[in-house]
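Reading the structure
Residue strings, one per chain:
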Amino acid sequence: MEILLAIMTGVLYAGGIYFILRRSLVKLIIGIVLLGNGVNLLIFLMGGLVKGKPPIIPEESHHLEGLYADPVPQALILTAIVISFGLQSFAIVLIKRAYKVVKTDDIDAMNKTDDIE
Amino acid sequence: MKSIILTTVSKTLLPLLLLFSVFVLLRGHYLPGGGFIAGLIASIAFILHSFANGLKKTRHLLRIHPGFLIPVGLALAIGSAIAPMIFQDLPVMTGLWYHNEIPVIGKIGSALFFDSGVYLVVIGVSLTIIFTISEKA
Amino acid sequence: MSTLLFAILSSFLFAILLFGIGQKVFARISWFASILPISLFTYFLSFLGPTSSGETFSYLTKWVPSAGVNLDFRMDSLSTLFTLLITGVGSLVFLYTMKYLKGHKYLLRFYIYLSIFMGAMLGLVTSNNLISLFIFWELTSISSFFLINFKNTERASRKSAITALSITGFGGLALLAFAVLAGGLAGTYSISEMLNSSEALNNSSFTPILLILLFFAAFTKSAQFPFHFWLPGAMKAPTPVSTYLHSATMVKAGIYLLLRFSPHFGDNEIFSTVLITVGSITMLFAGFHTLFRTDMKGILAYSTIGALGIIIFLIGIGTNTSITAAIVFIIVHALYKATLFLLTGTVDHQTGTRDITQLGGLKKHLPILFVAGLLAAVSSAGIPPSVGFLGKDLIYESTLHGNQSILLTTIAVITNVFMVFAGFIVGVKPFVGKVTEKTIEVNKPHWLMWFTPLLLAITGIVFGIFPGIIEGLFTNSISQQLSGSEGMHLKLWHGFTLILLLSFITISLGLLIYFLWKPSSKKVRFMEGFNIASPKHILLKFAEYFEQFSYFLTRVFQNGYLRRYVMILLVLLTVVFGVHVFINPRVFLSLKEIRGLEVSEIIVCVVMFVSILYTVLTRSRLSAIAGMGVLGYSICFIFMFYGAPDLAMTQFLIDTLTVILFVLVLYRLPKYLRLSNNTNRIRDGIIATTFGTFLAFTIIEIMNETPIKKTTEFYAKNAYEMAKGKNIVNVILVDFRGFDTMIEIIVLSIAALGVFALLKLYLKKHEK
């Protein structure tokens, strides 16, 4: 399963990057979403996969022992998921607003401030 | 998107989901759950209600703008973080706990208040975003 | 000795105080600024007694102890000499400026810059820590930039300020590299402790590099050939600045550095050879150039460069005598050169010109200034009984008793001939001869404007008549400190010796040139003809090409298109790290593993794969969003399978919210456009796929390693004990890493505010 998921992560990255390299703003956002999912999966994999053992201390015990899923990447991903929602919503509104002002969906038409003449 | 079924269901679903979210919040320290998840459940409950009954009704139901939940939540979280500094001269974010156990909730401590702060902020943020967008989009 | 720290930092505090006073009030109480240097001068005078008998004072406070950087100040005899020069000349310059720039719009600003500069300079000469020395060193460069650029409405001022800053700034970088390297070799940044490991500094394979860096720092700061040209340029600054920074103090920083490190490297062959060579070239080059200038400040600039060359040359010789000579010459030069600069300032202020060909006969109007000029010229020429005679004597003394004495003595004599000429042409020429158009009517200057140069000039004569003062207070203890034995005994009269003869020859030749050679603009133009071969020209051309190259590089890499940036990063990553992974792939795909898969897992993966493909390939935005939703839910399943219920729940909820969000905004968003052509698509596809493959390989390789679980184990053990929670993920979020969560909810709040503001605020008319 690790290999399968590693490949999936690769596919997510590839898809995300392909979309980020496009000129359309909407595609850029979707690319960021895909890439975000890829990153979450990557962090999850780095913690190691443990089937069906959530990091929750059993009722009668005071410690977590034996085999359990790594809680550290989980905590990281949890915050990452929530933050990425904030990011996505902000970005999407920004794009909408930019589209209204610039009247184009083409990123290339928006690079005036960064252009060296 | 108004349908009678959805409208009817949402009327009972809203209180149920809200109750569930509080439940998830409280048990978060012991079982899966916590402020983030509970906050998201609550905001989805409101969003569902707004889809069924229209944004106006949901806003009327909420009475206050959801944005006000954000500072309240932040204040709660920051307050629980600096409480140990003020009351017991301990470093910031030291956990303070009430000794006796309370049924259902378990032990009460500053962490619970912190998580409630998170809960409120998440509701405030997601509702502000979704409501503003559906109003203006 | 915390007063020492306060004294050094007081200039910076004073600058802030001045800032607080405000321009209007300050214009009326500009004398107030002079309190600072005068009180510091008296303070540092108190060190004179103890340090001259060999005592040292130090003050140490930890600053960045982990990096070995401390505020470590040390007062010894050498430092005392420099602090007195800085505050002494500083006091006079502060007083002088009050009248010189009277009524200037930015007088306050000027004093603030001067105070900062003085503080930096004091820090530089008292620092015992190489890193803090570097910081003060850079601070002097920066404050000097502002002072040169004081008339910042003039293009030439700005240009020379930039030139000076870039050259001394480069030197500063070399000093930093030197500090790091020397600190690494010696194991300490403390200069006094480094003395114990001079073995390590001298016998390392890095020694040549170390010395080159040191030279680079010192030569740029002290305007040595071929970096000298920033100094004549810096003469664009108001004259008090030239007096203070560009003759008396800042340019001596490089010399201070070399003197400071002469005990460390004194025995090194490279050290002495390079210093003698560069010093000689600079001396001759600069001395010769004084003949081809008509601007008084220009002449003084070149004679300063020459004098700095002499000092470096003396340090290079490295004998007991030559170190004594160097110290004496530093004092001599500071006294007469500051006098000449201040005199130039007054002449310029009263007549409106500094052109030597347009000045003459000022004796009538400015008699006292003439006395000051004459005394300074005498000192510069080394005519007894001035202190300059003493200095020149010692120079010949050092060149005669060493290797290659004939060559070195000849160089010294030639240079000193030019010095005689330069001193007289600036100090005497404007006051004698025919009255010119510009000097028919000259107003009397304020008394401070002739008193300050006169005071300096008289000090020069007093020191000359009583050489014991210098010997007792400075040279003995400094040469004790630097070369381990007492310095030369100083006296004015040695009897009829070879040295006296050389002195006589020097003075007569110098005066002969003074009387015969008339500087003219024609000669200046003649000299400018050679500019094409000058170091200035070459270095500036180099800078120009460098700039063009930077433009080119920036245009290639940062062309303003987001995808170009992403592409470069990815291709670089894939090439640098990917090569390793692709050449030697470590994929262990065994049948056993495949057999171990459950049906549910396979289904989830297939759904995931299809949804990603669908999202990427579809032409409809709605389908893409649907694909994204499905993808999110399938990831949710993976979290569920592998023991992450919290994540599964969060992912499920957020995915729902995201889809809602996208659907809400979707129809207000532009349609997909086919903007790129097929070639670009294929290229991007290849880049993306390669990177994805590289990443997948890397993940597999990493997963074969055993992960370090220290943190995890700590949480697993202590979650209940310390935080009274059983859901470890939640405990991490609200307790162990509560601060992160706090920051996160703040970020979320900002995002919500941003969305709200973006949508609720209406466009202004001109934005529509």
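As shown above, the structure is provided for reference.
The sections below set out a description of the structure shown in this document. (Residues numbered from 1 in each chain as written. Chains lettered and ligands numbered in written order. Predicted model: local features only at pLDDT ≥ 70, side-chain atom pairs only at ≥ 80, totals over all residues. Heavy atoms only, no water.)

**Overview of the pattern of salt bridges**
Residue and element names in this part refer to chain C. Selection criterion: We define a salt bridge as a contact between a side-chain nitrogen of Lys or Arg and a carboxyl oxygen of Asp or Glu at a distance within 4 Å. Helical segments are the DSSP runs of H or I of at least four residues, strand segments are the runs of E of at least two, and each set is numbered from the N terminus. Burial here depends on accessible area, computed with a 1.4 Å probe over protein chains only, as a share of the maximum for the residue type. Under 20% is buried, over 50% is exposed, and the range in between is partly exposed.
Enumeration according to the criterion identifies 13 salt bridges over all chains in this entry. As a salt-bridge pair, Asp76 and Arg260 come within 2.9 Å of each other at their nearest N and O atoms. Taken together, the positions of Asp76 in the loop between strand S2 (69–75) and helix H5 (77–100) and Arg260 in helix H14 (residues 252–265) put the pair 184 residues apart, joining distant regions of the chain. Neither residue differs from the other here; Asp76 and Arg260 are each classed as buried.

**What about the packing of aromatic side chains?**
To be explicit about the condition: Any two rings among Phe, Tyr and Trp, with Trp reduced to its six-membered ring, count as a pair given centres within 6.5 Å; such a pair is stacked if its planes are under 30 degrees apart, edge-to-face if over 60, and tilted if neither. Whether a charge lies above a ring is judged from NZ of Lys or CZ of Arg, which has to be within 6 Å of the ring centre and within 35 degrees of the ring normal.
The full count for this structure, using the stated rule, is 43 aromatic pairs over all chains. On the numbers, 6.5 Å between centres and 80° between planes, the contact of C:Phe110 with C:Tyr111 is edge-to-face. In this structure C:Tyr111 comes out as buried when scored by relative accessible area, which is 0%. Pairwise contacts between aromatic rings join C:Phe178, C:Phe215, C:Phe219, C:Phe261, C:Phe265 and C:Phe271 into one cluster. Its end group placed over the ring of A:Tyr18, A:Arg22 keeps NZ or CZ at 4.6 Å from the ring centre. Positioned above the aromatic ring of C:Tyr720 is the side chain of C:Lys726, whose terminal nitrogen or guanidinium carbon lies 5.1 Å from the ring centre.

**What to know about the state of the cysteines**
Residues and elements named next belong to chain C. What counts is decided by this rule: Pairs of cysteine sulfur atoms within 2.5 Å are identified as disulfides in what follows.
A full pass over the atoms with the stated rule returns zero disulfides over all chains. The thiol of Cys605 is unpaired, and the distance to the nearest cysteine sulfur, on Cys636, comes to 14 Å. Accessibility expressed as a relative area gives 3% for Cys605, which makes it buried.

**Thoughts on the interface of chain B and chain C**
Keep this limit in mind: Here, two residues are considered to be in contact whenever any of their heavy atoms come within 4.5 Å of each other. Take the accessible area each of two parts loses on contact, using a 1.4 Å probe, and add the two losses: that sum is the buried area. Each residue is assigned to one of three groups, with Ala, Val, Leu, Ile, Met, Phe, Trp, Tyr, Cys and Pro labelled nonpolar, Asp, Glu, Lys and Arg labelled charged, and all others, Gly among them, labelled polar.
Each partner contributes residues to the interface: chain B has 42 residues there, and chain C has 38 residues. Where chain B abuts chain C, roughly 3800 Å² becomes buried across the two surfaces, and 78% of that area is made up of carbon and sulfur atoms. Across the chain B-chain C interface, the total number found is one salt bridge. With its nearest N and O atoms 2.9 Å apart, the salt bridge here joins B:Glu135 to C:Lys760. Of all the elements, helix H5 (residues 110–136) of chain B adds the most residues to the side of chain B that touches chain C, at 15 residues. For the side of chain B that touches chain C, the per-class residue count stands at 28 nonpolar, ten polar and four charged.

**Side note on a nonpolar patch on the surface**
Definition in use: Without a salt bridge and with relative accessible area above 30%, a residue can belong to a patch; like charges are then joined within 9 Å and nonpolar side chains (Val, Leu, Ile, Met, Phe, Trp, Tyr) within 5 Å. Per-residue and other accessible areas follow the Shrake-Rupley method at a 1.4 Å probe size, with only the shown protein chains counted as cover for residues.
Together, C:Leu498, C:Leu501, C:Phe504, C:Ile505, C:Leu509, C:Leu512, C:Phe515 and C:Leu516 line one region of the surface with nonpolar side chains, adding up to about 840 Å² of accessible area. When you line up the elements, C:Phe515 lands in helix H23 (residues 498–516).

**Examining the pairing of strand S1 (residues 57–64) of chain C**
All names here are of chain C. Heads up, the rule is: Strands qualify as paired when DSSP identifies two bridges or more between them.
For S1 and S2, the ladder comprises seven bridges, and the chain directions are antiparallel. Within the sheet, the bridge partner assigned to Leu60 lies in S2 and is Asp72. If you look at the hairpin formed by S1 and S2, you'll find four residues sitting between the two strands, and Gly68 has a positive phi there, around 75°.

**A word on the interface of chain C and chain A**
Basically, it comes down to this: As used in this structure description, the phrase polar contact means that two N or O atoms lie within 3.5 Å; if the pair is within protein, one of them must be able to donate a hydrogen and the other to accept it, and residues adjacent in sequence are counted only when both atoms belong to side chains.
Listed by partner, the interface residues are 97 residues for chain C and 86 residues for chain A. Surface buried jointly by chain C and chain A totals about 8800 Å² across both partners, of which 76% is contributed by carbon and sulfur atoms. Contact with chain A buries area across many residues of chain C, yet C:Tyr642, C:Lys726 and C:Leu758 alone supply 8% of it, more than any other trio. Between chain C and chain A we count four salt bridges in total. Residue C:Lys709 pairs with A:Asp70 through a salt bridge whose shortest N-O separation is 2.8 Å. At the junction of chain C with chain A, the criterion picks out eleven residue pairs in polar contact (both at pLDDT 80 or more). Per element, the largest residue contribution to the side of chain C that touches chain A is 15 residues, and it comes from helix H31 (residues 678–703) of chain C.

**Quick look at the layout of surface pockets**
All names here are of chain C. Put simply, the rule is: Each cavity reported here is a set of points on a 1 Å grid over the protein atoms alone in which a 1.4 Å probe fits but cannot get out, each pocket an open set with protein on both sides within 12 Å along at least five of seven lines, and each lining residue one with an atom within 4 Å of a point. Grid points are joined across faces, edges and corners, and a volume is the space filled by probe spheres set on the points. Each domain span listed reflects an automatic or database assignment of domains.
Its boundaries defined by the atoms lining it, the largest pocket holds a volume of some 990 Å³. Contributing to the lining of the largest pocket are 33 residues, with Pro232, Gly233, Arg293, Tyr302 and Lys536 lying nearest its centre. It is helix H8 (residues 155–186) that contributes the most residues to the lining of the largest pocket, five residues altogether. Of the residues in the lining of the largest pocket, the class split is 13 nonpolar, eleven polar and nine charged. The residues that make up the lining of the largest pocket include at least three from each of domain 1 (1–265) and domain 2 (269–519).

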